Amino acid sequence: MSAEVGGDTVRKLQNGRVTLALHQRKAGEGTPLLLLHELYGSSAGWATEVDAWPGPVFALDFCGHGESAWMRGGSYHIEHFLSDADTALREVGSAVLAGAGLGAWYGLMLAGARAEQVPGSLLLPGRGLEGSGSQPDPLDTERRIPTEAQAAAFDEGDCDPCCAGMEGDPRPPDFIEPFATAARNVLLVDDGRAMPHWWRTVQDCGGQKVGADLVSGLARLQAAV
Amino acid sequence: MVAFPNPRPESIPVDPAPEYPGTLPPERTRKIPSHGIEIHTLEWGDPEAQPVVLAHGMWDHARSFATLGPLLAERFRVIAMDARGHGDSGWADSYGWGIDIYDLLNVVASLGRPVHLVGHSKGGGQVTDAARIEPERVRQLVNIDGFGPEPEPEADVPLPERMAQNLDSRRRRVERQSWRPYKSLDDLVERRLAQNPRLDREWLRFFVWHAARLEPDGWHWKHDPIMGRFIGPFSPDWIAPAWAVLKMPVLAVVGSEPDTWGPLPEPLLSERLAHIPNLERVTVEGAGHFVHVEKPAETASLLLDWLES
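Residues numbered from 1 in each chain as written. Chains lettered and ligands numbered in written order. Predicted model: local features only at pLDDT ≥ 70, side-chain atom pairs only at ≥ 80, totals over all residues. Heavy atoms only, no water.

Take the overall build of chain A next. Summing up its helical and strand segments, chain A has seven helices and nine strands in all. Relative to the compact-globule value of 17 Å for 225 residues, chain A shows a C-alpha radius of gyration of 16 Å, a close match. Its C-alpha atoms give chain A principal-axis dimensions of roughly 50 × 40 × 30 Å. Burial analysis of chain A (225 residues in total) assigns 57% to the buried set. Expressed as a percentage of contacts within chain A between residues at least 6 apart in sequence, the contacts between residues at least 24 apart total 70%. Put simply, chain A shows about 8,500 Å² of open surface, and 47% of that area lies on carbon and sulfur atoms. Within chain A, the 30 negative side-chain charges are centred at a point lying 3 Å from the centre of the 17 positive side-chain charges. (Helix = DSSP H or I, 4+ residues; strand = E, 2+ residues; numbered from the N terminus. Rg over C-alpha atoms; globule rule 2.2 N^0.38 Å. Buried < 20%, exposed > 50% of the residue type's maximum accessible area, 1.4 Å probe, protein only. Contact = heavy atoms within 4.5 Å. Areas by Shrake-Rupley, 256 points an atom, 1.4 Å probe, with all protein chains shown as cover. Lys, Arg positive; Asp, Glu negative; His and termini not counted. Charge placed at Lys NZ, Arg CZ, Asp CG, Glu CD.)

Okay, here's the thing in C-alpha cells:
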C-alpha cells in the first residue's frame, strides 16, 4: 500500500501487528539509502542534505514514532526497533543505512546481521545513542515507562510516551563488537562532541570517523560502496 | 490513555470446568487497566485482609494458584493475576519483561496499600524486580524457584548470524494468528505433561481447561501466539547483583527434586542468593519446579507461618 503525501510517497508495512510508515523522499538510480531516526524523532526530522544521495532515499518511522503505529500495550524494546528496521530493509531489498542516535545502534546491528544487503552505513549522533551505558540503567527500563499522569505530561513530540523505556536500553560494547566486525564500510560522524563509549569498539573493528558535514559523509559512503 | 480492543479470538463456552481436589473457584474477579491492556485477576479471602499478590510463570496462568490461593485466604486477601498475553488477560502488540513489571506494579497500586508479593518461576523473578523498583509498596517477598536462567554455553554460530536467524523466526512468530488446534483437551494434557513430567494428569486436566479455549477447529492455547524469545544484550550475570538493594524480608523457596525448569545448580543458586541482604531459604522436600502445585499444603503452611498479617 502506498500513498503520495506532499511529494513524499508513504508505504505502509506490516511488522506483526504493527503498521509502519516508510517514506520515500526521492527516487533515483542505484543503491537506496535507508534513514533510521533518533529516539523521539521521526522520518520528518532529517536534514534536506540527505537528498544529495544519488539513489532513492527512504526514511522509516519506528514503531511509536512519526506516522507508524503505537504498540498496543506500550512495550518497546530491541525486538521491535531492530525488526522494524529489518522490515524496511526487506521492503527496499538492499540499502546503505544512515542511523542517528537509537537508529545508529539498531542500524549497525542490522548492518552486521544483514551484511549482504547492507554495503555500508553512516552512524550519526542523536538521542538514544548512549542508551543506559554498558549495562542496564540502575533506574531500569520499567521505571522509565510513564504512569498515565506522566504520560499525559509527556513532552517529547508526537511519539508514544512509553518509548521513554528505551532510555534504559543498554549499549554493551562486547555485544556490538561482532556486529561492527561483520558490518561493511561503517562511518562514524564526529560532530566534535564526546564520542559514545561503544563507538570506540566500532573504530577498533574498522569503523572510520568522518566530519559532521552530512553531504561529504554521504559522498564518502558512496565512494566506499 | 488509549483503550484498545482485545484481539483475542472468541471461544465456544464449554461447561463444566473439571474439578481438582483442593481448588476453589475465585470469590471475585477483576480487570485492572495497564497501558491499554486489561490484567485479569482472581481473588480469594476477606477483601479487608492484608493483600498477597501471586504472579505465575511463563505459559502458566492465575489458576496455577487455585490450590494455594484458597489456603492462604484463611488469613489474607489473595490476588492471583494473569500476566498479559496469558490466561484471561488481554493481548498486546508486543511483550517484554519491563512491561510485565509495570503491570504487576499497577495491580499492586490498585490495592491501595503495601502487599506481600509471591511469584513462581518467571513470576518469581518479576516480583523480585517489582520489589526492587517500588520497595515502599512491598512488605515481604516470596520467590518460588524464579532465580534466573543459567548462563548459556558459548554458541557455535556468530552473533550476527544468530540475530539474522532470530529476525527470520520472529517474523514467522508474529505473523501467526493462533496456536495449532488440538483435537481434545487430553492432547493438551499430554503436551504439557511431556514438558513437566512431575505434574499429575488430573491436575493438568484442570490446568489446561483454564489454559485453553475451544474454537470450531479444536482446542487452542489461550496464551498469545506471538510471545517468544528474542536475543539481545543480556547477561544472567546482571541479575543477582541488582538484588542487593532489597531491604524487605525475602523468602527463597525451591523444591528438592531436579525438574525441567529448575532449580538452578546449588553453587550458582547460593551465589545469586548471597546478594539478598535479608534472606531466608527453604527447600520443600519431594517437590520439583512447581512447588506450590506439587505441595500446596506444605507451601501454604510455610507461607502462613512466614508472612506477617
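Once the structure has been displayed, the description carries forward.
Time to look at the side chain of A:H23. All names here are of chain A. As for its position among the elements, H23 is in strand β3 (residues 18-26). The class for H23 is buried, based on a relative accessible area of 4%. Of note is the side chain of H23, whose polar atom sits 2.9 Å from the side chain of D61. Setting aside anything within four residues of it in sequence, one finds H23 in contact with D8, T9, V10, S43, V57, F58, A59, D61 and E67. (Polar contact = N/O pair within 3.5 Å; in protein donor to acceptor, adjacent residues only side chain to side chain.)

Once that is clear, we can look at the interface of chain A and chain B. Taken together, the 42 residues of chain A in the interface contact 38 residues of chain B. When chain A packs against chain B, the two sides together hide about 3,700 Å² of surface, and 59% of this comes from carbon and sulfur. The interface formed by chain A and chain B includes six salt bridges. The closest approach of N and O atoms between B:R173 and A:E79, which form a salt bridge, is 3.4 Å. Where chain A meets chain B, there are 15 residue pairs in polar contact (both at pLDDT 80 or more). Of all elements in the fold, only α1 (78-92), α2 (102-113), α3 (141-144), α4 (148-152) and α5 (173-182) of chain A reach the threshold of two or more residues within the side of chain A that touches chain B. Here the side of chain A that touches chain B is composed, by residue class, of 19 nonpolar, 13 polar and ten charged. (Buried area = accessible area lost by both parts, 1.4 Å probe. Salt bridge = Lys/Arg side-chain N within 4 Å of Asp/Glu carboxyl O. Nonpolar A, V, L, I, M, F, W, Y, C, P; charged D, E, K, R; others polar.)

Residues and elements named next belong to chain A. Between α2 and α5, whose axes approach to 7 Å, the crossing angle comes to 55 degrees. Here α5 runs oblique to α2, going by the angle between their axes. The crossing of α2 and α5 is left-handed. Contacts between α2 and α5 involve W105, L108, M109, G112 and A113 on the former and, on the latter, F175, I176, F179, A180 and A182. (Axes fitted to C-alpha atoms, helices over the stretch in contact; angles between N-to-C directions. Parallel < 35°, antiparallel > 145°, perpendicular 65-115°, else oblique. Left-handed = near helix turned anticlockwise from the far one by under 90°.)

This model, assessed by the stated rule, comprises 16 aromatic pairs over all chains. Arranged with centres 6.1 Å apart and planes meeting at 90 degrees, the rings of A:W198 and A:W199 form a pair that is edge-to-face. Accessibility classification places A:W198 together with A:W199 in one group, the buried group. Measuring from ring centre to ring centre gives 6.2 Å for B:W261 and B:F290, while their planes differ by 55 degrees; the resulting arrangement is tilted. Residue B:W261 is found in the loop between β9 (250-255) and α7 (266-273), and its partner B:F290 is found in the loop between β10 (279-284) and α8 (291-294); the two are separated by 29 residues along the sequence. Taking relative accessible area as the criterion, B:W261 reaches 35% and is therefore assigned partly exposed. Site record: aromatic cluster; members linked through ring pairs are A:F62, A:Y76, A:F81 and A:Y106. (Phe/Tyr/Trp six-rings, centres within 6.5 Å; stacked < 30°, edge-to-face > 60°.)

Our next topic: the domain arrangement of chain B. All names here are of chain B. Parsing chain B into structural domains produces domain 1 (28-148 + 235-306) and domain 2 (159-221). The C-alpha centroid of domain 2 is placed 23 Å from the C-alpha centroid of domain 1. Contact with domain 1, which involves 19 residues of that partner, is made by 14 residues of domain 2. When domain 1 packs against domain 2, close to 1,400 Å² is buried across both sides, 62% of that on carbon and sulfur atoms. Here R192 makes a salt bridge to D60, at a shortest N to O gap of 2.8 Å. (Domains from an automatic or database assignment.)

Between two packed helices, what matters for the description is the angle formed by their axes and the separation of those axes. All names here are of chain B. Between helix α5 (residues 185-195) and helix α6 (residues 201-211), whose axes approach to 9 Å, the crossing angle comes to 115 degrees. When the axis of α5 is compared with that of α6, the two are roughly perpendicular. With respect to the hand of their crossing, α5 and α6 are arranged in right-handed fashion. Across the interface between the two elements, L185, D186, L188, V189, E190, R192 and L193 from α5 touch R201, L204, R205, F207, V208 and W209 from α6. Its residues assigned to classes, the contact of α5 with α6 shows eight nonpolar, no polar and five charged.

All names here are of chain B. The mixed open sheet is built from eight strands, whose spatial order is β1-β2-β4-β3-β5-β6-β9-β10. Since the sheet does not close on itself, it has two edges, and those belong to β1 (28-34) and β10, each with one partner. Each strand axis lies, on average, 20 degrees off the axis of its neighbour in the sheet, ignoring direction. Bridging between strand β6 (residues 138-144) and β9 involves four bridges; their strand directions are parallel. Residue pairing across strands places N143 opposite A252, the latter belonging to β9. Strands β3 (51-55), β5 (115-120) and β6 of the sheet are contacted by helix α3 (residues 122-133), whose axis makes an angle of about 145 degrees with β5. (Pairing = 2+ DSSP bridges.)

For the rest of this paragraph, the subject is helix α7 (residues 214-224) of chain A. All names here are of chain A. Looking only at α7, the buried set comprises L214, G217, L218 and L221. Down the axis of α7, the smallest arc covering the buried residues is 95 degrees, so these residues share one side. Residues of α7 that are buried sit in contact with β4 (33-36), β6 (96-100), β7 (121-124) and β8 (186-189). (Arc of directions from axis to C-beta.)

The nonpolar side chains of soluble globular proteins are, as a tendency, buried together. Core analysis: the largest hydrophobic core is formed by 60 residues, its most contacted members being A:L34, A:Y106, A:L108, A:M109, A:W198 and B:M163. In terms of residue count, α2(A) provides more of this core than any other element does, nine residues in total. If we ignore the near neighbours within four places in the chain, the residues touching A:L108 are A:L123, A:I176, A:F179, A:A180, A:A183, A:V186, A:W198 and A:V202. Of all hydrophobic cores here, the second largest spans 41 residues; its members include B:L104, B:L117, B:V174 and B:M248. (Core = buried A, V, L, I, M, F, W, Y, C linked by side-chain atoms within 4.5 Å.)

Residues and elements named next belong to chain B. Within β5, six of the six residues are buried, leaving the element largely enclosed by the surrounding structure. Pairing between β3 and β5: four bridges, direction parallel. For V53, the partnering residue across the bridge sits in β5 and is L117. Where β5 meets β6, six bridges bridge the pair, whose relative direction is parallel. From the neighbouring strand, H120 faces β6, where its bridge partner is I144. With respect to chirality, the unit in which β5 leads through α3 into the neighbouring parallel β6 is right-handed. (Right-handed = clockwise from strand over helix to strand, strands pointing away.)

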